[in-house]
Amino acid sequence: MNDSGPRLYAGGEHPWTRGTVTDEEMLIIGGGYRCGTTSLFSYLAGHPEISPSLIKEPGFFFSLRLHQNPSPYPPGHEVWAYRSMFRKRGARVLMEGTSNYLNDPGCAARIARALPRAKVVLLLREPVARLVSWYKFLRLQNQLPPGMAFEEWIRSQLADTQPTVERPYAMQAVDHCRYAPYVAEFLSVLGADRVLPVWFDDLKRAPQAVMERICRFAGIRADYYADFTFPAQNESMKIVRPRLFGAYRKLHRALTRALSPWPRLQHEFKVQLFGVLEPKLLPLFTGPADPVDVSPALRQLLQHHFSSDIAPLRELTGSEAPWQASYPAR
């Protein structure tokens with residue numbers, strides 16, 4: 001498996017900064033993974049009061065990034081590099097969207113220390129649909145053993161007795177869909193006035209109403225969305241031109257290495273590549289992902305597994321999960 005790198009850690013210390021990164025207003029789309037964070041980011045990015053990061057998922061507070069070797073940020077210049085991604089002039093609120101933040105131990109504390117005026121939106125999606133989408137994405141990224149079927153992937157996680165943070169990241173997905181403990185951590189650390197849980201299903205069904213709610217939370221004008229259209233983003237894909245895709249990846253790795261003597265220049269190259277160029281190139285390599293069959297027995301097993309999360313979520317969010325009716329009461 002390709003997902004055998006460093007494990008997440010529960011500590012709240014941030015090795016790149018002990019103090020404040022910025023005291024400007026900040027909106028963070030903090031997750032969850034495959035829950036519509038890319039769509040929400042794109043809806044907000046054009047708002048005149050928002051300055052979005054050029055890379056949608058900078059991952060500055062995500063613990064796997066903090067221990068990645070080589071570092072995704074130029075050593076000794078991490079705070080500068082992170083701040084440099086927000087470039088829209090005249091905007092009042094900075095914004096980034098790293099979906100992994102929701103499930104990352106200690107992430108809420110790192111954000112609280114470094115961003116004293118940050119507010120966080122947490123997107124939550126019906127667990128079975130989220131797992132299907134996650135499985136497709138892991139297949140796209142080649143992060144699962146060849147031929148591993150969806151049911152095998154799920155049952156392997158359900159049978160694993162290791163603590164979640166000690167497993168390869170691709171095998172933490174089921175536990176990450178048990179939302180209540182993660183939402184509770186963010187609410188406890190940041191407070192209810194700085195954390196907004198949002199149902200993915202509501203964003204998909206009634207996006208304008210959800211955007212108005214998010215605008216009130218962020219303190220920005222909602223009238224920008226009066227005549228807005230809300231296209232879905234980041235649909236599940238698969239590689240359909242592997243040779244072309246492989247050549248592209250080989251080229252960008254070579255260019256990144258060539259720029260290593262100049263860390264700031266290398267960082268700017270990465271920002272332009274991943275934030276500007278790659279989203280335009282991906283359609284050349286990808287096509288719609290193959291459908292994933294979820295047997296009735298497996299769906300029932302998962303719904304029962306996650307049903308104990310319904311009541312705590314209701315208490316934490318103050319509203320019913322849209323998928324509650326299809327889950328057995330516990």
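About the criteria used
Residues numbered from 1 in each chain as written. Predicted model: local features only at pLDDT ≥ 70, side-chain atom pairs only at ≥ 80, totals over all residues. Heavy atoms only, no water. Core = buried A, V, L, I, M, F, W, Y, C linked by side-chain atoms within 4.5 Å. Buried < 20%, exposed > 50% of the residue type's maximum accessible area, 1.4 Å probe, protein only. Helix = DSSP H or I, 4+ residues; strand = E, 2+ residues; numbered from the N terminus. Contact = heavy atoms within 4.5 Å. Pairing = 2+ DSSP bridges. Axes fitted to C-alpha atoms, helices over the stretch in contact; angles between N-to-C directions. Phe/Tyr/Trp six-rings, centres within 6.5 Å; stacked < 30°, edge-to-face > 60°. Lys NZ or Arg CZ within 6 Å of the ring centre and 35° of its normal. Salt bridge = Lys/Arg side-chain N within 4 Å of Asp/Glu carboxyl O.

(A) Highlighting the nonpolar core. Of all hydrophobic cores here, the largest spans 89 residues; its most connected members are Leu44, Leu131 and Trp153. Looking at this core, the element that brings in the most residues is helix H5 (residues 127-140), giving seven residues. Ignoring any residue separated from it by four or fewer positions in sequence, one finds Leu44 in contact with Leu27, Ile29, Ile50, Met95, Met211, Ile214, Ile220 and Tyr225.

(B) View of the sheet that holds strand S1 (residues 26-31). Overall, parallel pairing links the five strands, which are arranged S2-S3-S1-S4-S5 in an open sheet. Strands at the two margins of the open sheet, each flanked by one partner only, are strand S2 (50-52) and strand S5 (195-199). Each neighbouring strand pair of the sheet contributes to a mean axis angle of 25 degrees, computed without reference to strand direction. Pairing of S2 with strand S3 (residues 93-97) involves three bridges; the strand directions are parallel. Pairing of Ser51 across the sheet is with Leu94, part of S3. Lying on the sheet, helix H10 (residues 207-218) is in contact with S1, S3, strand S4 (118-124) and S5; it crosses S5 at an angle near 175 degrees.

(C) Spotlight on the packing of aromatic side chains. All told, the structure shown has 26 aromatic pairs when counted by the stated rule. A ring pair is formed by Tyr43 and Phe230, whose centres lie 5.1 Å apart and whose planes are at 85 degrees; its orientation type is edge-to-face. Taken together, the residues Tyr43 in helix H1 (residues 37-45) and Phe230 in the loop between H10 and strand S6 (237-239) connect sequence positions 187 residues apart. Residue Tyr43 is classed as buried on the basis of its relative accessible area of 5%. Taken together, Trp16, Phe60, Phe61, Tyr73, Tyr82, Phe86 and Tyr101 form an aromatic cluster joined through their ring pairs. Lying across the ring of Phe217, Lys119 places its NZ or CZ 5.3 Å from the centre.

(D) Molecular detail of the side chain of Ser99. Relative to the elements of secondary structure, Ser99 occurs in the loop between S3 and helix H4 (107-114). Using a relative accessible area of 1% as the deciding quantity, one classes Ser99 as buried. With residues up to four places along the chain from it excluded, the contact list for Ser99 reads Ile29, Gly30, Gly31, Gly32, Tyr33, Thr37 and Glu57.

(E) Representation of the pairing of S3 in the model. Most of S3 sits inside the fold, with five of its five residues counted as buried. Alternating positions in S3 separate into two faces, Val93, Met95 and Gly97 on one and Leu94 and Glu96 on the other, with burial throughout. Strand direction decides the pairing type here: S1 and S3, joined by four bridges, are parallel. Residue pairing across strands places Met26 opposite Leu94, the latter belonging to S3.

(F) Molecular detail of the pattern of salt bridges. Under the criterion given, the structure shown has 13 salt bridges. One salt bridge connects Arg92 with Glu49, and the closest N-O pair in it is separated by 3.1 Å. With a gap of 43 residues between them, Arg92 in the loop between helix H3 (78-83) and S3 and Glu49 in the loop between H1 and S2 connect regions that are remote in the sequence. On the accessibility criterion, Glu49 (16% relative accessible area) is buried.

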